[in-house]
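Chains, contacts and geometry: an overview
So you can see what is in the structure, the chains are spelled out below.
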Amino acid sequence: MIKNISFWLENSRIFSLPMTLLSWLVIFVYSVKENGNILNGFIALIGIAFAHLATNLFDDYMDYKNLTNNSQKCKCAYIKDGRATLNDVLKVVILYCIVACLSGLILLVRSGLPVLWLALAGGAVTLLYAKLSQKGLSEFAVGIAFGPLLFEGVYFVMTENFSFEVFVLSLAVVMFTVGLLYVHTILDFEGDMYSHKRTLCCRIGDKNKAIKGVFVIYGLGYLFTLFLAFLIKNYFILLTFLLIPFVFDIYKSLKSFVCGEDTKEFYFRLLKPRNLMVYYSLIITLFLLF
């Protein structure tokens, strides 16, 4: 039983869950300072986490149907080698969605009708993510789901209010989440191009130009951070600018990556933006406490 759970969590890319947990932690701490309902905040975390895992696994379900020999070796490996079928994947996706929906139902009862609209919007992004990704809109989908929807949603169920400051905070934090997704699509560039998958990187059409896009994404993150610092008059959060060298490290790492390399090389580079998002979120969380 435990081995089976571990198998599905690994293939649901649980390693990416810290970006959900830390995004939630940022707005949770902010909401607690506003005397928010702590129990509602934790119920929201359960729903958000399972929606995230469902999105990751459903993306594999859709991708496997268009998988090419030019794709990364680790992509859908557990389906390719027969350890799971597409039907198995779909069943687990449905299970994840049921848990997320139950969390949303509890919050609907406890916090009111706006939760329904937030949940429907989040559910739509979850189910449509794979299709949006094929149209080059994955970064936009993640930006909405892990930015304003997540932050305003958690803030509402905890305080029963919405906030412009929370909206700006969400934009600052989510750019570092989008950065992780964008790096992932760069690493998958050759396979996605071969299978005609229209990610943002594929729409750019040139891998070298796409790699330079990391500066745009993280630059926007720091621009929103600067705006947030002046908006809430908390200049301690500007210490996140000390992390800028990590952005250059990500850029150099992507420049040296060769498609088809060992799986460890793939994840070595993918974990760099994940770690940057972790450090950024922890610094923001720490200084929001002041």
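Just above sits the structure.
Keep in mind the model is a prediction, meaning the values are calculated, not measured.

Let us now look at unusual backbone geometry. With the exception of glycine, the majority of residues adopt a negative phi angle, and the majority of peptide bonds are in the trans configuration. Positive phi outside glycine occurs at Asn35, with the angle close to 60°. Owing to a relative accessible area of 71%, Asn35 belongs among the exposed residues under this scheme.

Turning our eyes to something else, we now look at the side chain of His52. Assignment of secondary structure puts His52 in helix α3 (residues 38-64). We classify His52 as buried; its relative accessible area is 4%. One polar contact links His52 to Thr20, side chain to side chain, over a distance of 2.4 Å.

It is worth spelling out the side chain of Ser103 at this point. Counting through the fold element by element, Ser103 comes out in helix α5 (residues 86-111). Owing to a relative accessible area of 7%, Ser103 belongs among the buried residues under this scheme. Not counting chain neighbours up to four residues away, the residues in contact with Ser103 comprise Ile43, Ile46 and Gly47.

Moving on, we come to the pattern of salt bridges. Using the criterion set out here, one finds 1 salt bridge in the structure. A salt bridge links Lys272 to Asp249; the nearest nitrogen and oxygen atoms lie 2.8 Å apart. With Lys272 in helix α13 (residues 263-288) and Asp249 in helix α12 (residues 244-255), this pair connects stretches of sequence that are 23 residues apart.

Turning our eyes to something else, we now look at the packing of helix α2 (residues 17-33) against helix α7 (residues 138-159). Contact pair α2 / α7: the axes reach a minimum separation of 9 Å and the direction vectors enclose 40°. Relative to α7, the element α2 is oriented oblique. Like other packed secondary-structure pairs, α2 and α7 cross with a definite hand, here right-handed. Counting all contacts with α2, which are made through Met19, Thr20, Ser23, Trp24, Val26, Ile27, Phe28, Tyr30, Ser31 and Val32, the residues of α7 involved are Phe146, Leu150, Phe151, Val154, Tyr155, Met158 and Thr159. When grouped by side-chain class, the residues that make up the contact of α2 with α7 number 13 nonpolar, 4 polar and no charged.

Reading guide: rules and limits
- Note that residues are indexed from 1 along each chain, following the sequence as it is written.
- Restriction of local features to residues with pLDDT of at least 70 applies here, the model being predicted, together with a cutoff of 80 or more for giving and counting side-chain atom pairs; totals for whole chains, interfaces and linings are based on all residues.
- Side-chain numbers here rest on the full set of heavy atoms in the structure, without hydrogens or water.
- Exposed residues in this analysis have more than 50% of their type's maximum accessible area, buried residues have under 20%, and partly exposed residues fall in between, with area computed by a 1.4 Å probe over protein chains only.
- Strands here are runs of E lasting at least two residues and helices are runs of H or I lasting at least four, both read from the DSSP assignment and numbered beginning at the N terminus.
- Any pair of N or O atoms that falls within 3.5 Å is considered a polar contact. Within protein, one atom must be able to donate a hydrogen and the other to accept it, and sequence-neighbouring residues count only if both atoms are side-chain atoms.
- In what follows, a contact means two residues having at least one pair of non-hydrogen atoms within 4.5 Å.
- For this document, the term salt bridge refers to a Lys or Arg side-chain nitrogen within 4 Å of an Asp or Glu carboxyl oxygen.
- Inter-axis angles, ranging from 0 to 180 degrees, are taken between N-to-C directions of lines fitted to C-alpha atoms, where helices are fitted over the stretch in contact.
- These descriptions rest on fixed angle ranges, namely under 35 degrees for roughly parallel, over 145 for roughly antiparallel, 65 to 115 for roughly perpendicular, and the rest for oblique.
- By convention the crossing between two helices is left-handed if the near helix lies anticlockwise of the far one by an angle smaller than a right angle, and right-handed if it lies clockwise.
- Note on residue classes: Ala, Val, Leu, Ile, Met, Phe, Trp, Tyr, Cys and Pro are nonpolar, Asp, Glu, Lys and Arg are charged, and everything else, Gly too, is polar.

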